[in-house]
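For reference, the chains in residue letters:
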Amino acid sequence: MSIKVYYFASLKEHVGSSEHELDFTQALTVNEVWLQANAELVLPQNTLAAINMDYVSWDSLVSDGDVVAFFPPVTGG
Amino acid sequence: MSIKVYYFASLKEHVGSSEHELDFTQALTVNEVWLQANAELVLPQNTLAAINMDYVSWDSLVSDGDVVAFFPPVTGG
Amino acid sequence: MAIKITELAFDPYHELKLYQNTQLEHLGAIGATSLFIGTMRDFNQGSQVTGMSIEHYPGMTEKQLDLCIEKAQGLWSILDSLIIHRVGTITPNEVIVLIAVWSAHRGDAFDATRYIMEALKSTVPFWKKECLETDTERWVISNTSGYQ
Amino acid sequence: MAIKITELAFDPYHELKLYQNTQLEHLGAIGATSLFIGTMRDFNQGSQVTGMSIEHYPGMTEKQLDLCIEKAQGLWSILDSLIIHRVGTITPNEVIVLIAVWSAHRGDAFDATRYIMEALKSTVPFWKKECLETDTERWVISNTSGYQ
């Protein structure tokens, strides 16, 4: 299975990258995606997660081909 | 003492006049002004009264030179 | 702060552009602009409406509009405001009223605009008479509450 | 209903005039237009701000804006709406966001505009970074509630 992971705004700077490609063999939750991609990094408080552009909780399961995104609280408007 | 009385909108049509001049010798309330000017007319429900362009209650006293106005509920905006 | 009563049809966006040219003192301070535009519909209370005339009480209109703004200023932090209201003969789709409030933060602008609109509708001496398709006229009896 | 994300500075009144030309189907039905314009201030959280850049998540931005409108449509009776939001580099006094809602009656327009604005601020993936007078940059950490 292969997914894309995107990072935005301050989280992109924190991770030092705007995206990762991730390959894995078993079902993963969003939380496990973060750990697999950024094991060495502290997860900033209030980080939000989306799968395919919809907000999801951290225990949501990711499927092959999904786009997962992590970002800080939004500040538009 | 002399006052002016104005009527607006449907009340002007009801009274059949847009203004009256009124002379009187004793202190009058707004209610007495209406009675003196329009004794023969039924006062429409919800009629509002103003003295010198401020809303007043019907027992307010009128002074020499005042402008009294009677009109229906307002419907602007 | 400005109020304007006009017998002429007006374009609210043109008026707003002109008015904002006078707001140099607030440049950089305005974070929120809240606007309300009331337009004449061609249908009201079960009837087709072909036109409208708005009567007012000159002098008291301005005095009561000033009071609406003064009360809003006492309740919220407002940098500037503009009210324009039509009187005379109006046809459907024309603008009846424009209310604009400028503030630093959005809560003040939203609240004050709505407050001024409701205060105008309940206290400022304007009266609408509708011309119906049947060639009859009728006074609008009362304004409904905007908060339901 | 339209949403637009733009890197270019825009005049909200010009955009509104253009957009209203597309509303022929609603002529005579629109009684209320409620607008909100968010403008960049030159002062925020205790500092002079000289500029700003807004990043977003293309695709999710549009999806979440659609969702804001869809939810508002479920709650109020709306004839039309328009949202325009800037991204990229912005200087003080420029417009960041325009929200417009058209309806028959004012309660719907007022409520829906405010709802969409709050929903946008809490759910649509935009992020602001401010440039300070001191030549440093800082991310805006979180939006405040508009209802306080």
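This text follows the structure it describes.
Residues numbered from 1 in each chain as written. Chains lettered and ligands numbered in written order. Predicted model: local features only at pLDDT ≥ 70, side-chain atom pairs only at ≥ 80, totals over all residues. Heavy atoms only, no water.

1. Overview of the overall build of chain C
Okay, so step 1: A count of helical and extended segments in chain C gives three helices and nine strands.
Okay, so step 2: Mapped from its N terminus to its C terminus, chain C presents α and β elements in the order β-α-β-β-β-α-β-β-β-α-β-β.
Okay, so step 3: Taken over the C-alpha trace, chain C has a radius of gyration of 16 Å; the compact-globule value for 148 residues is 15 Å, and the two agree within 12%.
Okay, so step 4: Taken along the three principal axes of its C-alpha coordinates, chain C extends 55 × 30 × 30 Å.
Okay, so step 5: Here chain C, with 148 residues, has 55% of them falling under the buried criterion.
Okay, so step 6: Taking contacts inside chain C between residues at least 6 apart in sequence as the whole, the part at least 24 apart equals 75%.
Okay, so step 7: If you sum the accessible surface of chain C, you get close to 6200 Å²; carbon and sulfur atoms cover 53% of it.
Okay, so step 8: Here chain C contributes 12 positive and 18 negative side-chain charges, whose respective centroids are spaced 4 Å apart. (Helix = DSSP H or I, 4+ residues; strand = E, 2+ residues; numbered from the N terminus. Rg over C-alpha atoms; globule rule 2.2 N^0.38 Å. Buried < 20%, exposed > 50% of the residue type's maximum accessible area, 1.4 Å probe, protein only. Contact = heavy atoms within 4.5 Å. Areas by Shrake-Rupley, 256 points an atom, 1.4 Å probe, with all protein chains shown as cover. Lys, Arg positive; Asp, Glu negative; His and termini not counted. Charge placed at Lys NZ, Arg CZ, Asp CG, Glu CD.)

2. A few points about the sheet that holds strand β2 (residues 32–39) of chain C
Within a beta sheet, neighbouring strands are joined by backbone hydrogen bonds and run either parallel or antiparallel to one another.
Okay, so step 1: Spatially, the eight strands line up as an open sheet ordered β1(C)-β5(C)-β7(C)-β2(C)-β2(D)-β7(D)-β5(D)-β1(D), and their pairing is mixed. One side of each edge strand has no neighbouring strand; the edge strands of this open sheet are β1 (2–6) of chain C together with β1 (2–6) of chain D. Taken over all neighbouring pairs, the strand axes of this sheet differ in orientation by 10 degrees on average, direction set aside.
Okay, so step 2: The pairing of β1(D) with strand β5 (residues 80–86) of chain D spans five bridges and is classified as parallel. Across the sheet, residue Lys4(D) finds its bridge partner in β5(D), namely Ile84(D).
Okay, so step 3: Relative to the sheet, helix α1 (residues 12–20) of chain C contacts β1, β2, β5 (80–86) and β7 (95–103) of chain C together with β2 (32–39) of chain D, its axis offset from that of β7(C) by approximately 35 degrees.
Okay, so step 4: The sheet contacts of helix α2 (residues 60–75) of chain C involve β1 and β5 of chain C, and relative to β1(C) the element is tilted by about 145 degrees. (Pairing = 2+ DSSP bridges. Axes fitted to C-alpha atoms, helices over the stretch in contact; angles between N-to-C directions.)

3. Brief notes about α1(C)
Okay, so step 1: Considered for burial, the residues of α1(C) that qualify are Pro12(C), Tyr13(C), Glu15(C), Leu16(C) and Tyr19(C). The buried residues of α1(C) occupy an angular sector of 160 degrees when projected down its axis, which confines them to one face.
Okay, so step 2: Its buried side turned inward, α1(C) meets β1, β2, β5 and β7 of chain C together with α1 (12–20) and β2 of chain D.
Okay, so step 3: Regarding α1(C), its N-cap is Asp11(C), as a side-chain oxygen of that residue lies 2.8 Å from the backbone nitrogen of Tyr13(C) further along. (Arc of directions from axis to C-beta. Polar contact = N/O pair within 3.5 Å; in protein donor to acceptor, adjacent residues only side chain to side chain.)

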